[in-house]
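Report on the structure
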2 protein chains.
Amino acid sequence: MSSKAAPLSQIDNKPLRARVLDSLREAIVAGDLKPGQPLLENELAAQLGVSRAPLREAFQILSHEGLVETVAYRGTVVRKLTKQDIEELYSLRCVFEQFAIRRIIAANNPLDVALLRELFDAMLLAAESGDLKQVNLIDRQFHDTLIELSRHQLLHQAWSMVTLRVRQVMALRNRRNSVLTQIAYNHVPIIEAIEAGDEARAMFLIQEHVVSARDLIVEMWDNGDEPTP
Amino acid sequence: MSSKAAPLSQIDNKPLRARVLDSLREAIVAGDLKPGQPLLENELAAQLGVSRAPLREAFQILSHEGLVETVAYRGTVVRKLTKQDIEELYSLRCVFEQFAIRRIIAANNPLDVALLRELFDAMLLAAESGDLKQVNLIDRQFHDTLIELSRHQLLHQAWSMVTLRVRQVMALRNRRNSVLTQIAYNHVPIIEAIEAGDEARAMFLIQEHVVSARDLIVEMWDNGDEPTP
DNA sequence: AAATGGTCGTTTGTCGACAGTAGACAGTCC
DNA sequence: GGACTGTCTACTGTCGACAAACGACCATTT
């Protein structure tokens, strides 16, 4: 965000609600606030050292992002994730990425591919040093970059709704390490298909990629959709 | 929203912010609040007879829906619609509808097609009696129904962001009457393709449909993207 | 015993008041 | 004269307090 050569870093002057929002969102997608957990306004306000007003304004956004659920006069809880939620999440994610890739291919800008290759190199590096956290971070960056390179603000906005909850899902399960370098190498054919302008192949590959990611999650998702008898 | 055979209609017990939200949203998508128009909190609160708190909470949602733009300490204005916005709007809309139709075809439920045919009949009826407003309403319902029949909550949520602003766009231009019955008949081949399970054809048709709708708007969009010199 | 009705405590919903900020305007120094 | 600086104002941001609504519990009635 900040320009890199600035002698003095910019003072964070964002409204409180924005900082509260970021804080809560991070806690939710990181899994610190568990699904189903009620968010009491008084308690949270005291904990964050703010009044209820900015907190409530942050809740509005979170609710619209689908991270929490608010019932009038009943309160706000972290949204639960059912198996169906996950199916929907990944299926829409796939649609978004396919659309983004189509646009990238149509734009046909060599710099785009170069950027993706850069990310891949970084991911490979992290994988070889066994840094799982870093691999995950770059993996996320890779897919976020796909969306950004599509240069479609509205898509970008819609994407944020999906990617936030995907992060939440990944945080809530114990990610098996799998083979790190294998994860990294999975991205190569996608980049190559984009580079070659082979739309059909890119569509197929990204779908495979997302579906396999989904399957990893879904099969080990323990909580049932309908816990009521 | 309300069930139709209820002897007593439900008393509106929604929180103020929700009613404020609906009111503002309707005013914006109907074009009563013009793009660029500043929304002064005090003024609007007085006008609606509420305090600023629920109004501000409504602003949060509207901002997240892309209908207004809020700058910290500067205020909130109705979001302007540039040509690029419209391009993005319709391109994403197309992606959403294609995805919805793929799911409808996959579900292969005859009742879905029946419902769509029903809507078509109603549209045709309205078109023949020259009721432009009604045709537009049913046209909207038709496309909303496509999304709903996909039975994909997340898609439905993302769709609302798109459809709201499409309504705004349509409200802001003076819709040429064109040939009403022609508009209605445009939907027939789409329904037939769904019925036949011909995915490729349905994809093509809905794209044509959306693109032609977009072209009608874009070509007569007068305001430039960058009015600043 | 089941169902109805009332009370109470907790939590959210709303309000009015105060503090803070950005931009506009005018004044001052070079 | 030009540019910087100080003030002023209208608006947003935040707060604490009060009102309203819900759910749980208990008393009452049939």
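Within any chain, residue numbers begin from 1 and follow the written order of that chain's sequence. Lettering of chains starts at A and numbering of ligands starts at 1, both following the order in which they are written. Two thresholds apply to this predicted model, a pLDDT of at least 70 for residue-level local features and 80 or more for giving and counting side-chain atom pairs, whereas whole-chain, interface and lining totals are computed over all residues. No hydrogens and no water enter the side-chain calculation; it runs on all heavy atoms of the structure.

Some points on the nonpolar core
For clarity, the cut-off: Grouping buried Ala, Val, Leu, Ile, Met, Phe, Trp, Tyr and Cys residues that are joined through side-chain atoms within 4.5 Å yields what is termed a nonpolar core. Partly exposed residues are those whose accessible area sits between 20% and 50% of the maximum for their type, while under 20% is buried and over 50% is exposed, using a 1.4 Å probe and protein chains only. Any pair of residues with heavy atoms lying within 4.5 Å of one another is described as a contacting pair.
With 102 residues, the main nonpolar core has A:Ile101, A:Ile194, B:Ile101 and B:Ile194 as its most contacted residues. Residue contacts for B:Ile101: discarding those within four places in its chain leaves B:Leu146, B:Ile190, B:Ile194, B:Ala202, B:Met203 and B:Ile206.

Structural notes on the protein's contact with DNA strand C
In plain terms, the rule: By convention in this text, a residue qualifies as near a molecule or strand provided that one of its non-hydrogen atoms is within 4 Å of it. Between N or O atoms, a polar contact is any pair within 3.5 Å; within protein, one atom must be a potential hydrogen donor and the other a potential acceptor, and residues adjacent in sequence are included only when both atoms are from side chains. Side-chain classes are defined by residue name, with Ala, Val, Leu, Ile, Met, Phe, Trp, Tyr, Cys and Pro counting as nonpolar, Asp, Glu, Lys and Arg as charged, and the others, Gly among them, as polar.
DNA strand C sits among 20 residues. The nearest are A:Arg52, A:Arg56, B:Leu16, B:Ser51 and B:Arg74. Counting only the atoms of DNA strand C within 4 Å of the protein, the fraction contributed by sugar and phosphate is 74%. Residue A:Glu41 places a main-chain N or O atom 3.5 Å away from a phosphate oxygen belonging to DNA strand C. Here a phosphate oxygen of DNA strand C sits 2.7 Å away from a polar atom, N or O, in the main chain of B:Ser51. Tallied by class, residues from the surface near DNA strand C come to 10 nonpolar, 4 polar and 6 charged.

Notes on the confidence of the model for chain A
Residues and elements named next belong to chain A. This is how the line gets drawn: The pLDDT value expresses, per residue, how confident the predictor is, ranging between 0 and 100. Each helix is a run of H or I in the DSSP string that is no shorter than four residues. Each strand is a run of E no shorter than two, and both are numbered from the N terminus.
When pLDDT is averaged along chain A, the result is 89, and 91% of the positions lie at 70 or above. Across chain A, the element-wise mean pLDDT spans from 82 in helix α8 (residues 180-185) up to 97 in helix α4 (residues 83-107). Per-residue pLDDT stays below 50 along residues 1-6; that stretch engages in 0 contacts with residues further than four places along the chain or on separate chains. Considering only residues more than four positions removed or in separate chains, one finds that residues 225-229, a stretch of pLDDT under 50, has 3 contacts.

Comments concerning the relation of the copies chain A and chain B
Rules: Least-squares superposition of the copies uses the C-alpha atoms of those residues scoring a pLDDT of at least 70 in each of them.
By a simple turn and slide, chain A fits onto chain B: the slide is 0.0 Å along the axis, the RMSD is 0.0 Å, and the turn is 180°. Expressed as a symmetry operation, the mapping of one chain copy onto the other fits a two-fold axis. Relative to the rotation axis, the C-alpha of A:Glu57 is the closest in chain A, positioned 2.8 Å from it. Looking at the interface residues of chain A, 100% of them are also at the interface in chain B, so both copies use one shared face.

Description of the packing of helix α7 (residues 153-172) of chain A against helix α4 (residues 83-107) of chain B
Stated precisely, the cut-off is as follows: Where helices are involved, their axes are fitted lines through C-alpha atoms of the stretch in contact, as for all axes, and angles between N-to-C directions lie from 0 to 180°. Should an angle fall under 35 degrees it is called roughly parallel, over 145 degrees roughly antiparallel, and 65 to 115 degrees roughly perpendicular, with every other angle called oblique.
It is the contact of α7(A) with α4(B), at a shortest axis distance of 8 Å, that shows an interaxial angle of 55°. Considering the angle they form, α7(A) stands oblique to α4(B). Along the contact surface, α7(A) presents A:Gln153, A:Leu154 and A:Leu155, while α4(B) presents B:Gln84, B:Asp85, B:Glu88, B:Leu89 and B:Leu92. Considered class by class, the residues forming the contact of α7(A) with α4(B) number 4 nonpolar, 2 polar and 2 charged.

Notes on the interface of chain A and chain B
Our working definition: Defined here as a combined quantity, buried area equals the accessible surface (1.4 Å probe) lost by two parts on assembly, summed across both. Salt bridge, as used here, is a side-chain nitrogen of Lys or Arg placed within 4 Å of a carboxyl oxygen of Asp or Glu.
Listed as interface residues are 33 residues of chain A and, on the opposing side, 33 residues of chain B. For the pair chain A and chain B, the summed buried surface comes to about 3000 Å²; carbon and sulfur atoms form 59% of the total. It is A:Gln60, A:His64 and A:Leu154 that lose the most area in chain A upon contact with chain B, and together they represent 21% of the buried surface on that side. The tally of links from chain A across to chain B stands at 2 salt bridges. A salt bridge links B:Arg56 to A:Glu57, with the shortest nitrogen-to-oxygen separation between them at 2.8 Å. Elements that contribute at least two residues to the side of chain A that touches chain B include exactly α3 (52-65), α4 and α7 of chain A. The greatest single-element share of the side of chain A that touches chain B, amounting to 11 residues, is contributed by α4(A).

A short note on the pairing of strand β3 (residues 75-78) of chain A
Residue and element names in this part refer to chain A. We apply this condition: Following DSSP output, two strands are said to pair if at least two bridges run between them.
Side-chain alternation along β3 places Thr76 and Val78 on a buried face and Gly75 and Val77 on a face that remains uncovered. Across 2 bridges, the pairing between strand β1 (residues 38-39) and β3 is antiparallel. Counterpart to Leu39 in the pairing with β3 is Thr76. Across 4 bridges, the pairing between strand β2 (residues 68-71) and β3 is antiparallel. For Thr70, the partnering residue across the bridge sits in β3 and is Thr76. Counted between consecutive antiparallel strands, the loop separating β2 from β3 contains 3 residues, among which Tyr73 sits at a positive phi close to 65°.

Brief notes about empty space enclosed by the protein
Any space left empty among the atoms is revealed by the rolling of a water-sized probe across them. Residues and elements named next belong to chain B. Threshold: Cavities and pockets were defined on a 1 Å grid built over protein atoms only: a cavity is a set of grid points that admits a 1.4 Å probe from which the probe cannot escape, a pocket is an open set flanked by protein on both sides within 12 Å along at least five of seven lines, and lining residues are those with an atom within 4 Å of any such point. Grid points are joined across faces, edges and corners, and a volume is the space filled by probe spheres set on the points.
Scanning all chains against the criterion turns up 1 cavity of 30 Å³ or more. Within this model, the largest cavity holds a volume of roughly 110 Å³. Elements with a contribution of two residues or more to the lining of the largest cavity: α6 (132-149) and α7 (153-172). Taken together, the residues of the lining of the largest cavity break down into 3 nonpolar, 3 polar and 5 charged.

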